[in-house]
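An overview of the molecular structure
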Amino acid sequence: IEMARDGGQAMVVALTKVDREDVDVEEARNRIINELMTAGVLCEEVGGDVQVVPVSGVTGEGLDDLVERLLLQAEVMDLRADGTGTGEAVVIDARQEKGLGVVADCIVRWGTVRPGDAFVTGVIGGKIRILNGVDGKPLKEATPSTPVRIIGLKSLPRAGDDLFCVANEKKARDIADRRSIRHTEELTRHAARAAAVAPAPALQITGTAAKNTFMTNTARTKYNKLHGMDQAETEEKIDRIRAPVVLRSDAEGTLAAVRESLMAVAEESSHDIDVDVVSLGVGPVTASDVLLASEADAAIFAFGVRAGDQSVTRSAEREGVRIRHHTVIYSLLDDARKILARHLPPVMVERVAGRANVQAVFEMNVNGTKKGKMAEMIAGCRVESGSLFLDKDGNGTLTNYRVIRKGEIICEEVKAMSIRKFKDEVIEAKNGDECGVGLKGFSEFKEGDIIECFSRESKQMFV
């Protein structure tokens, strides 16, 4: 309020979250109008000129009204851009298009932009070769608020960069060169400051394992300095998993959106996993992307683009790198979750195949007659649930046994020596069967014991 008042700016107040069931819109509106009046802001309802518009970002209620109020305020204030001066625009997005090169989507903000104008945006200087509208039709000129597509850039600008038209290409190159030198100097100063507080990087690091170790140690060192922790504390608190990826997209804005979406997937995961974007860029997948992915053990995600040529595809096949092509963001994120899950350690999942209650204990020798010289203790059981298996369960997974007495495990991880139904040895006793069970290395059965047959298998976790 103070900034608007000091700058002599008009205000329009948006009253948000009016879709909530616990909100009385009229009561909230009147309360906010009174609070604004206390702060010296007079709304239309009390004789002032400040408009209050109830809106909802969830349902869209009031948004059209808000736009109309803003346009009305602009007309009242006679806010108009000068369309006669040198052209200025802002870059909304940029991408590589086959046969055209770099294409920048812009909105003209001031003056008039024409084909053939020299321009500067960021550290890029050039000349507008083609000026098209959003429908792809050529334009002779574009005035303020006109969306345009500019072709003639030598490299990709950043979204949000200003684009200024200048007198000629020489002046554009001079300005771009000066900006580039200044940018390089700033990067050098930044690197020097970072080197002053960070340890010197280790040299001659090769291979995926060595690279991962180096990056982990570097991250831990930085974390120590930030939080004043020693190495032991850091090793306890930082045990995050790094998932390297290479990103390629058809446009600068899309690339940023894909990167942020991947970061969000990792952050929303219940696991300590970090997406490490080792390389990203706009345009087709290149041979250097494939080599980097192979060295870093990274997945390549290509959104809206393909491999540059057949040599890139052959290189990917040779290096064992799969280029994952997508045109729908939801498909890419689902695929990314599977890739991230591969970096998580597998977990052992236990499945109880069956339980039996010991009803009697007796001796039996290996020939099936009682109290022989080579006797073994047999638990006479009734299977209460599932099935007892001699060696492998129905899925082919090896089984083990445990004995539970009064709620406590007294024996675990033992194999079945035999399962008998009457005098016949069987490989499975099903629910409701009466059988005799002998376990290897355990003979101290008691009536009332519970015998559990279980298996364990490795399962991949999900992100």
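Refer to the structure presented above.
Residues numbered from 1 in each chain as written. Predicted model: local features only at pLDDT ≥ 70, side-chain atom pairs only at ≥ 80, totals over all residues. Heavy atoms only, no water.

1. Details of the packing of helix H7 (residues 252-268) against helix H10 (residues 329-342)
Following both chains from N to C, one finds H7 and H10 inclined at 45°, their axes separated by 10 Å at the closest point. It follows that H7 is oblique to H10 by the angle criterion. In the packing of H7 onto H10, the handedness of the crossing is right-handed. Taking contact as the criterion, the partners of Val258, Ser261, Leu262 and Val265 in H7 are, on H10, Ile329, Leu332, Leu333, Ala336, Arg337 and Leu340. (Axes fitted to C-alpha atoms, helices over the stretch in contact; angles between N-to-C directions. Helix = DSSP H or I, 4+ residues; strand = E, 2+ residues; numbered from the N terminus. Parallel < 35°, antiparallel > 145°, perpendicular 65-115°, else oblique. Left-handed = near helix turned anticlockwise from the far one by under 90°. Contact = heavy atoms within 4.5 Å.)

2. A few points about the sheet that holds strand E7 (residues 130-133)
Strand pairing in a sheet relies on backbone hydrogen bonds, with the paired strands running either antiparallel or parallel. The strand order across the open sheet formed by seven strands is E6-E5-E9-E3-E4-E8-E7, and the pairing between neighbours is antiparallel. Whereas interior strands pair on both sides, the edge strands pair on one side only; in this sheet they are strand E6 (124-127) and E7. Strand-to-strand twist of the sheet, defined as the mean angle between neighbouring strand axes without regard to direction, takes the value 35°. (Pairing = 2+ DSSP bridges.)

3. Remarks on the state of the cysteines
What the rule picks out here adds up to zero disulfides. Unpaired in this structure, cysteine 435 has its nearest cysteine sulfur neighbour in cysteine 381, at a distance of 5.3 Å. (Disulfide = S-S within 2.5 Å.)

4. Concerning the packing of helix H8 (residues 287-296) against helix H9 (residues 310-319)
Orientation of H8 relative to H9, taken along the N-to-C sense of each, is 10°, at an axis distance of 9 Å. The pairing of H8 with H9 is recorded here as roughly parallel in orientation. Mapping the contact onto sequence places Ala287, Val290, Leu291 and Ser294 in H8 and Val312, Ser315, Ala316 and Glu319 in H9. Per-class residue counts for the contact of H8 with H9 are five nonpolar, two polar and one charged. (Nonpolar A, V, L, I, M, F, W, Y, C, P; charged D, E, K, R; others polar.)

5. Re unusual backbone geometry
At aspartate 297, a residue that is not glycine, the phi angle is positive and equals roughly 55°. Looking at the secondary structure, you find aspartate 297 in the loop between H8 and strand E12 (299-303). At phenylalanine 422, a position not held by glycine, the phi torsion is positive, near 60°. By secondary structure assignment, the location of phenylalanine 422 is in the loop between strand E18 (416-421) and strand E19 (424-425).

6. What to know about the environment of valine 361
Of note, valine 361 is situated in strand E14 (residues 347-365). Using a relative accessible area of 30% as the deciding quantity, one classes valine 361 as partly exposed. Along the sequence, valine 361 and phenylalanine 445 sit 84 residues apart, while their C-alpha atoms lie 6.5 Å from each other. Aside from chain neighbours lying at most four places away, what touches valine 361 is Met377, Ile378, Phe445, Lys446 and Glu447. (Buried < 20%, exposed > 50% of the residue type's maximum accessible area, 1.4 Å probe, protein only.)

7. What about the pairing of strand E3 (residues 88-97)?
Of the strand pairs in this sheet, E3 and strand E4 (residues 101-110) are connected by nine bridges, and their pairing is antiparallel. Following the sheet pairing, glutamate 88 is matched in E4 by tryptophan 110. Hairpin connection of E3 to E4: three residues between the antiparallel strands, including glycine 99 at a positive phi of 90°.

8. Quick look at a nonpolar patch on the surface
A surface patch of nonpolar side chains, amounting to about 390 Å² of accessible area, comprises Leu72, Val76, Met77 and Leu79. In this structure, leucine 72 sits in helix H3 (residues 63-76). (Patch = residues over 30% accessible without salt bridge, like charges linked within 9 Å, V, L, I, M, F, W, Y side chains within 5 Å. Areas by Shrake-Rupley, 256 points an atom, 1.4 Å probe, with all protein chains shown as cover. Salt bridge = Lys/Arg side-chain N within 4 Å of Asp/Glu carboxyl O.)

9. Quick word on the side chain of asparagine 132
Its location among the elements puts asparagine 132 in strand E7. Look at asparagine 132 and you get buried, because its relative accessible area is 13%. Apart from residues no more than four positions distant in its own chain, asparagine 132 is found in contact with Lys137, Pro138, Leu139, Val148, Arg149 and Ile151.

10. Some words on the pattern of salt bridges
Counted according to the given criterion, the structure contains 30 salt bridges. Between glutamate 35 and arginine 31 there is a salt bridge; the shortest N-O distance is 3.8 Å. Of the two residues, glutamate 35 and arginine 31 are both situated in helix H2 (residues 25-38); the distance of four residues between them amounts to about one turn of the helix. A residue is classified by how much of its surface remains accessible, and glutamate 35, at 45% relative accessible area, is partly exposed. Notably, a salt bridge pairs aspartate 276 with arginine 242, separated by 2.5 Å at the nearest N-O pair. Placement of the pair is aspartate 276 in strand E11 (residues 273-282) and arginine 242 in strand E10 (residues 241-249), with a sequence separation of 34 residues. Linked by salt bridges that have partners in common, Glu350, Arg355, Arg402, Glu412, Glu413, Glu452 and Arg456 make up one network.

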